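Chain and residue survey
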Amino acid sequence: MPIAKTLLFALAGSLLTCVFTAPLLAETAGSADAFVDSVGVNIHLHYSNTSYSDFPHVKQALKDLGVRHVRDGLVDTKWKDYYTRHNDLGSAGIKGLFITAPNESDDLLLDYPERMKQSFEGYEAPNEYDQSRDSNWPATLSQFITRLNKTVKGDPNTSRFQVIGPSFTSQRSYQQMRGVCSFDFSNLHNYFGGRNPGTDGWGSNGYGSYAWNLSNASSACPGKAVISTETGYQTDPTLTQGISDEVAGKYLPRLLLEQWMHGIQRTYVYELIDLPDMGSGDKAFGLVRSDFSQKPSYMALMNLLHLLSDPGEAYTGKDFGFSLSGEVADVQHVLLQKRDGTFFIALWIEKPGYNVNHKQVVNVPTQNVTLQTDKAVAMVAHSFGTSGNVRVSALDLGTSHSLKLSDYVTVLEIDGLRPLPPVLHAVVH
């Protein structure tokens, strides 16, 4: 609701002039740390013939990144290091969601949290089982989901763990599983095929857009909250859906902010490390390369998570009055707040920066936007760049701030109580 609207009267001779300022709207901030906690990463610690076998580097990459959640397979293995390594991550505060399979027994399902005592935080129904060789997959999957939920929720030792629903690869698969909803969260694999995350879609009926993806999940299980256990970009332009490292570094922060805006409870980026070409189509999705060198997407995500991290008890953000004016077409924003009262506004232009069909960069012109606040505030602007680095600059104390926005994310750090120092706990990478 409006919290500031000013009517000024100026008398010039016999002429009465009325000047209206734009109404400032009070928006309720989300918790900055809840956003950080909404981000996870896919890993494959059991892929022993890949860079995932180098666990010390895997662990360091995850810790440096600042994520608290990983996704991997519920693998019944005699290779004890699989459990030891996940528990090691869990002890470092990085918990695991584990993907089940229809042939797994009740005993295994109930025993797995004991094997992953430091790590385990949830079960996931089978991964893209609509692509399996099971010709009767809907019946098989339906029976298993019912059994999984009954087994997990019926045992006092496992009932506290979340159960995430199955992921699918087509709209028709969601329709075939309509009403099979014995789980806590619906699941999406909403890849954008090299397009910008806010795409209106490609193909018929908005295929690939948020509206299309969320409609699929809702059609199967209306009203169920959603988690995305896979999304990301292939950073190899020679691939059909591949884009450059630089474009992926631009898109990934926007993708995670868009996921948050659309109410997706958690997003697991696919994936931590580039895989070799194993015929599965998983090539080049990594945030880091096979030698653990960091891509711009890794750097951008690391800087975003570290900027907003605010661990502690659950926190509900307060209201902040502001307005955006000027060249605001396609400008998106997310308002967050830390426990100390500091607000953060992430701003960006949500337009395509790459034509994936023609393999061409698309120039997105900057836009001049004015941010008006209900009281004088000082700001620090954290502007993300081409390598995932962040440039930090201070804005003067005032109620009106002129901004030049681009299709890279800019995060404004705002202290509404007192002027900020020129740079506030910023690390530039």
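Up top you'll find the structure we're talking about.
Okay, so let's go over this structure. This is a predicted model, so every value here is computed, not measured.

Basis of the calculations
- Residues numbered from 1 in each chain as written.
- Predicted model: local features only at pLDDT ≥ 70, side-chain atom pairs only at ≥ 80, totals over all residues.
- Heavy atoms only, no water.
- Helix = DSSP H or I, 4+ residues; strand = E, 2+ residues; numbered from the N terminus.
- Rg over C-alpha atoms; globule rule 2.2 N^0.38 Å.
- Buried < 20%, exposed > 50% of the residue type's maximum accessible area, 1.4 Å probe, protein only.
- Contact = heavy atoms within 4.5 Å.
- Disulfide = S-S within 2.5 Å.
- Salt bridge = Lys/Arg side-chain N within 4 Å of Asp/Glu carboxyl O.
- Pairing = 2+ DSSP bridges.
- Phe/Tyr/Trp six-rings, centres within 6.5 Å; stacked < 30°, edge-to-face > 60°.
- Lys NZ or Arg CZ within 6 Å of the ring centre and 35° of its normal.

A closer look at the overall build of the protein
Within the protein, the secondary structure is distributed over nine helices and 21 strands. Since a compact globule built from 429 residues should have a radius of gyration of about 22 Å, the 23 Å found for the protein is in line with a globular shape. For the C-alpha atoms alone, the extent of the protein along its principal axes is close to 90 × 45 × 45 Å. Burial statistics for the protein: of 429 residues in total, 52% are counted as buried. Within the protein, contacts between residues separated by at least 24 positions form 71% of all contacts whose residues are at least 6 apart in sequence.

Overview of the state of the cysteines
Taken as a whole and judged by the stated rule, the model has one disulfide. The side chain of Cys-181 participates in a disulfide bridge whose partner is Cys-221; the two sulfur atoms lie 2.1 Å from each other. For the disulfide bridge between Cys-181 and Cys-221, the dihedral angle about the S-S bond is near -100°, and by the sign convention the bridge is left-handed. Here Cys-221 lies in the loop between helix H7 (210–220) and strand S12 (226–231) and Cys-181 lies in the loop between helix H6 (171–176) and strand S11 (186–189), a separation of 40 residues in the sequence.

Some points on the pattern of salt bridges
Per the counting criterion, the structure on display carries 20 salt bridges. When the shortest N-O distance is used, the salt bridge between Asp-76 and Arg-115 registers 2.8 Å. Here Asp-76, found in the loop between strand S7 (69–73) and helix H3 (81–91), pairs with Arg-115, found in helix H4 (residues 106–115); they are 39 residues apart in sequence, far enough to count as distant. Judged by its relative accessible area of 24%, Arg-115 is partly exposed. One salt bridge connects Arg-115 with Asp-111, and the closest N-O pair in it is separated by 2.7 Å. Remark: Asp-111 and Arg-115 occur in helix H4; sequence separation between them is four residues, near one turn of the helix.

So, the pairing of strand S15 (residues 331–337)
Within S15, five of the seven residues are buried, which leaves it mostly tucked inside the rest of the structure. Bridge count for strand S5 (residues 30–31) against S15 is two bridges, and the pairing is parallel. Residue Gly-30 lies in a different strand from S15, and its bridge partner there is Leu-336. Where S15 and strand S16 (residues 343–349) come together, seven bridges link them in antiparallel fashion. In the sheet register, His-333 faces S16, and the bridge partner there is Leu-347. Where S15 folds back on S16, the antiparallel hairpin that results is connected by five residues, among which Gly-341 adopts a positive phi of roughly 95°.

Quick look at the packing of aromatic side chains
Under the definition given, this model contains 20 aromatic pairs. Considering the side-chain rings of Tyr-112 and Phe-120, the 6.5 Å spacing of their centres and the 65° angle between planes classify their relative orientation as edge-to-face. Phe-120 matches Tyr-112 in its accessibility class, with the two residues each being buried. A centroid spacing of 5.6 Å and a plane angle of 55° characterise the contact between Tyr-191 and Phe-285, whose relative ring orientation is tilted. Residue Tyr-191 is found in the loop between S11 and H7, and its partner Phe-285 is found in the loop between strand S13 (267–269) and helix H9 (296–308); the two are separated by 94 residues along the sequence. By relative accessible area, which is 22% here, Tyr-191 ends up partly exposed. Residue Phe-285 is classed as buried on the basis of its relative accessible area of 10%. Geometry around Trp-202 places Arg-195 over its ring, the cationic atom sitting 4.3 Å from the centre.

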